[in-house]
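An overview of the molecular structure
The chain contents come next:
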Amino acid sequence: MSTKTLASGWDQAVFRCGRCRAEYTATTEADYLKAVGVHGDAHDVWDRLNSIERDGIASILRTILSAPELAVELLVLADRPQIGGEGR
């Protein structure tokens, strides 16, 4: 008779936000904790914004996230000192 020990743990976990009904599935505990933390942080930031700020940041994020190379270039510009005014 063989006695095999089954590995303990879980293969996935689902996080469901009670505030916005978002749902995330994670395959590791670290990924689950990260998803919960990042989602909670997003709620904290979102709750501090007024409706105009929310529209603005959503528009900016849609633009930047659709073009990662644009995000990199914007950070380069942000970190570079401006020479002689705001123009090109």
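This section reports on the structure supplied with the text. Residue numbers here run from 1 along each chain, matching the order of that chain's written sequence. Where local features are concerned, this predicted model is filtered to residues with pLDDT of at least 70; where side-chain atom pairs are given and counted, the filter is 80 or more; whole-chain, interface and lining totals use all residues. Values reported for side chains reflect all heavy atoms of the structure, with hydrogen atoms and water molecules removed beforehand.

**Looking at unusual backbone geometry**
Backbone geometry at R21 places phi at a positive 70°, although glycine is not the residue there. Three exposure classes are used, based on accessible area relative to the maximum for each residue type with a 1.4 Å probe and protein chains only: buried under 20%, partly exposed in between, and exposed over 50%. By relative accessible area, R21 is classed as exposed at 77%.

**Observations concerning the pattern of salt bridges**
One speaks of a salt bridge when a side-chain nitrogen belonging to Lys or Arg is within 4 Å of a carboxyl oxygen belonging to Asp or Glu. Per the counting criterion, the structure on display carries two salt bridges. For R16, the salt bridge goes to E23, with nearest N and O atoms at 3.1 Å. Looking at R16, the relative accessible area reads 56%, which means it is exposed. Between D47 and R19 there is a salt bridge; the shortest N-O distance is 2.5 Å. Taken together, the residues span a long stretch of sequence, with D47 in helix α1 (residues 29-48) and R19 in the loop between β1 (13-16) and β2 (23-26) at a distance of 28 residues. Judged by relative accessible area, which is 54%, R19 ranks as exposed. Each helix is a run of DSSP H or I of at least 4 residues and each strand a run of E of at least 2, with the numbering of both proceeding from the N terminus.

**Details of the packing of helix α2 (residues 51-65) against helix α3 (residues 68-79)**
Orientation of α2 relative to α3, taken along the N-to-C sense of each, is 110°, at an axis distance of 6 Å. Comparing their axes, α3 and α2 come out roughly perpendicular. Residues T63, I64 and L65 of α2 form the contact with α3, whose own contacting residues are P68, L70, A71 and L74. When residue character is reported, Ala, Val, Leu, Ile, Met, Phe, Trp, Tyr, Cys and Pro are called nonpolar, Asp, Glu, Lys and Arg charged, and the others, Gly included, polar. Of the residues in the contact of α2 with α3, the class split is six nonpolar, one polar and no charged. Geometry is summarised by axes, namely lines fitted to C-alpha atoms with helices restricted to the contacting stretch, and by angles between N-to-C directions that run from 0 to 180 degrees. Angles below 35 degrees are treated as roughly parallel, those above 145 as roughly antiparallel, those between 65 and 115 as roughly perpendicular, and all remaining angles as oblique. When checking whether two residues touch, look at their non-hydrogen atoms; a contact exists if any pair is within 4.5 Å.

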